[in-house]
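Per-entry structural report
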Amino acid sequence: MANVTFEQVTKKFGDRLAVNNLNLEVKDGEFLVFVGPSGCGKTTTLRLLAGLESITKGQILIGGLPVNQLPPKDRDIAMVFQSYALYPHMSVRQNMAFSLKLQGKSRDEIEKSVNSVASQLGIEELIHRKPKELSGGQQQRVAVGRAIVREPAVFLMDEPLSNLDAKTRLKARQELKKLHEEIKTTFIYVTHDQVEAMSMADRIVMMEDGILQQIDTPSNLYNNPTNKSVAGFIGSPSMNFFDIQKVEQEGKSYLKFGQNLIDIEQYLPQFPLNIANHQVNDPVTLGIRPENIYHPQYLPPDIQGFKIRGIVNLIEMMGSELIVYLQTPDSLEFVARLNPRVNVKSGETLDLIFDSKRIYLFDNNKHNISIFV
């Protein structure tokens, strides 16, 4: 096992900055997940660590030792790719044993390691098959098994579940998390799927435009995003955003969006200290997650908030929940995740309650001013 350190790591492709001054400490035995939109730099970061790309500037350390100049085979890592990269002419046993042969292990050592890992992953009955005879989920297990037998200090995984169907992906997520808990080795995992990240990670690294936006536990990333980029990426459906302004009327402060005026003192008492620093008519963005919007008929007793009127554009029945797409009378669009028993039709006008305690405010630099109360 080993910790991994990125010190001012930068990677350029020509004039394009793929990774910009990344400073990051991955703890020994941690399951760390990189997320972010396409092109954000997460896979490039993994490839820099693996030695598949050269660093433009900075330093990477594994177990406290610099690895910039080491070839991939000498970095004590194992990587599982999106494509699994199994050798098609080899059996499962041969695929898993190949790296051990290159290390000069004896036949008995190889046999013992391969059998042990195959048993651990439940693929003993597949040991003599070729990759083309395996399902996607089985190939994924073999790829993971091939990495495990090497007993590396760090596992690197680049979207290893993206080729699987939804049911198989769910099972594979559970198996990988259980595997990590058993072998307690450092896992660094890249995905575009926030559900994978939230369900598997000890900590999540959110990147955008090559810059680390936030690193935190899944719970803190969801509940206390540091900026609008993080808030909008984490959560499905994503957070609603409204461009608003602070206004003064008759000596009282309000937040105005569209035709709506929110009395700050009455509905948002947690925010005056922050909002006081913003001048009248300064732009502010209000954010609220779809799950924090309620139909009055199914409003929990501990929820207090303000009313917003919306016209229903589209309804998605998800079984356990109702996803409703609406727009205000002045054409501001938003999404609500409602109780499935709500009786609603397209074109209908609804008065919905925004939970005032779950409101986020972002300044014109996109920083979350809500968390500094």
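Since we're looking at a predicted model, the values are computed, not measured. (Residues numbered from 1 in each chain as written. Predicted model: local features only at pLDDT ≥ 70, side-chain atom pairs only at ≥ 80, totals over all residues. Heavy atoms only, no water.)

Another aspect to go through is the nonpolar core. Core analysis: the largest hydrophobic core is formed by 45 residues, its most contacted members being Met 96, Leu 176 and Tyr 189. Aside from chain neighbours lying at most four places away, what touches Tyr 189 is Phe 31, Leu 32, Val 33, Phe 34, Met 157, Pro 160, Leu 161, Leu 176, Glu 196 and Met 200. Phe 242, Val 324, Leu 326 and Leu 338 belong to the second largest nonpolar core, which has 28 residues in total. (Core = buried A, V, L, I, M, F, W, Y, C linked by side-chain atoms within 4.5 Å. Buried < 20%, exposed > 50% of the residue type's maximum accessible area, 1.4 Å probe, protein only. Contact = heavy atoms within 4.5 Å.)

So, about the side chain of Thr 10. Relative to the elements of secondary structure, Thr 10 occurs in strand 1 (residues 4-13). Residue Thr 10 is classed as buried on the basis of its relative accessible area of 9%. Engagement of the side chain of Thr 10 in a polar contact is seen with the backbone nitrogen of Asn 21, the distance being 3.0 Å. Ignoring sequence-local partners within four residues, the contact set of Thr 10 consists of Leu 17, Val 19, Asn 20, Asn 21, Ile 55, Thr 56 and Lys 57. (Helix = DSSP H or I, 4+ residues; strand = E, 2+ residues; numbered from the N terminus. Polar contact = N/O pair within 3.5 Å; in protein donor to acceptor, adjacent residues only side chain to side chain.)

Another aspect to go through is the pairing of strand 14 (residues 283-288). Among the six residues in strand 14, five count as buried, and that is most of the element. In terms of strand pairing, strand 11 (residues 240-249) meets strand 14 through six bridges, oriented antiparallel. Bridging across to strand 14, Ile 244 finds its partner in Val 284. Bridging between strand 14 and strand 20 (residues 360-362) involves three bridges; their strand directions are antiparallel. Residue pairing for strand 20: Thr 285 is matched across the bridge by Phe 362. (Pairing = 2+ DSSP bridges.)

A separate point is the packing of helix 4 (residues 136-148) against helix 5 (residues 166-183). Relative orientation of the contacting elements helix 4 and helix 5 amounts to 20 degrees, with a least axis distance of 11 Å. In terms of axis orientation, helix 4 runs roughly parallel to helix 5. Crossing of helix 4 over helix 5 shows right-handed handedness. The segment helix 4 lies against helix 5, with Gly 137, Gln 140, Arg 141, Val 144 and Ile 148 engaging Thr 168, Lys 171, Ala 172, Glu 175, Leu 176 and Leu 179. Looking at the contact of helix 4 with helix 5 residue by residue, the classes come out as five nonpolar, three polar and three charged. (Axes fitted to C-alpha atoms, helices over the stretch in contact; angles between N-to-C directions. Parallel < 35°, antiparallel > 145°, perpendicular 65-115°, else oblique. Left-handed = near helix turned anticlockwise from the far one by under 90°. Nonpolar A, V, L, I, M, F, W, Y, C, P; charged D, E, K, R; others polar.)

Once that is clear, we can look at unusual backbone geometry. In this model, Ser 236 is joined to Pro 237 through a cis peptide bond whose omega is -5 degrees. Tracing the backbone through its elements, the reader meets Pro 237 in the loop between helix 8 (228-233) and strand 11. In this model, Lys 184 sits at a positive phi of 55 degrees, which is unusual for a non-glycine residue.

This model, assessed by the stated rule, comprises 10 salt bridges. Here Asp 202 ties to Lys 177 by a salt bridge, and the two come within 3.5 Å at their closest N and O atoms. Taken as a pair, Asp 202 in the loop between helix 6 (194-200) and strand 9 (203-208) and Lys 177 in helix 5 lie far apart in primary sequence, 25 residues in all. Relative accessible area serves as the criterion here: at 32%, Asp 202 is assigned to the partly exposed category. Each of Glu 291, Glu 321 and Arg 337 takes part in salt bridges that share partners, so that together they form one network. (Salt bridge = Lys/Arg side-chain N within 4 Å of Asp/Glu carboxyl O.)

Below, the discussion takes up the sheet that holds strand 11. Within a sheet, each strand pairs with its neighbour through backbone hydrogen bonds, oriented either parallel or antiparallel. The strand order across the open sheet formed by five strands is 13-12-11-14-20, and the pairing between neighbours is antiparallel. Strands at the two margins of the open sheet, each flanked by one partner only, are strand 13 (260-263) and strand 20. Sheet twist, expressed as the mean angle between neighbouring strand axes with direction ignored, is 35 degrees. Summarising the sheet, strand 11 and strand 12 (residues 252-257) pair through five bridges and their orientation is antiparallel. Across the sheet, Lys 246 pairs through a bridge with Leu 255, a residue of strand 12.

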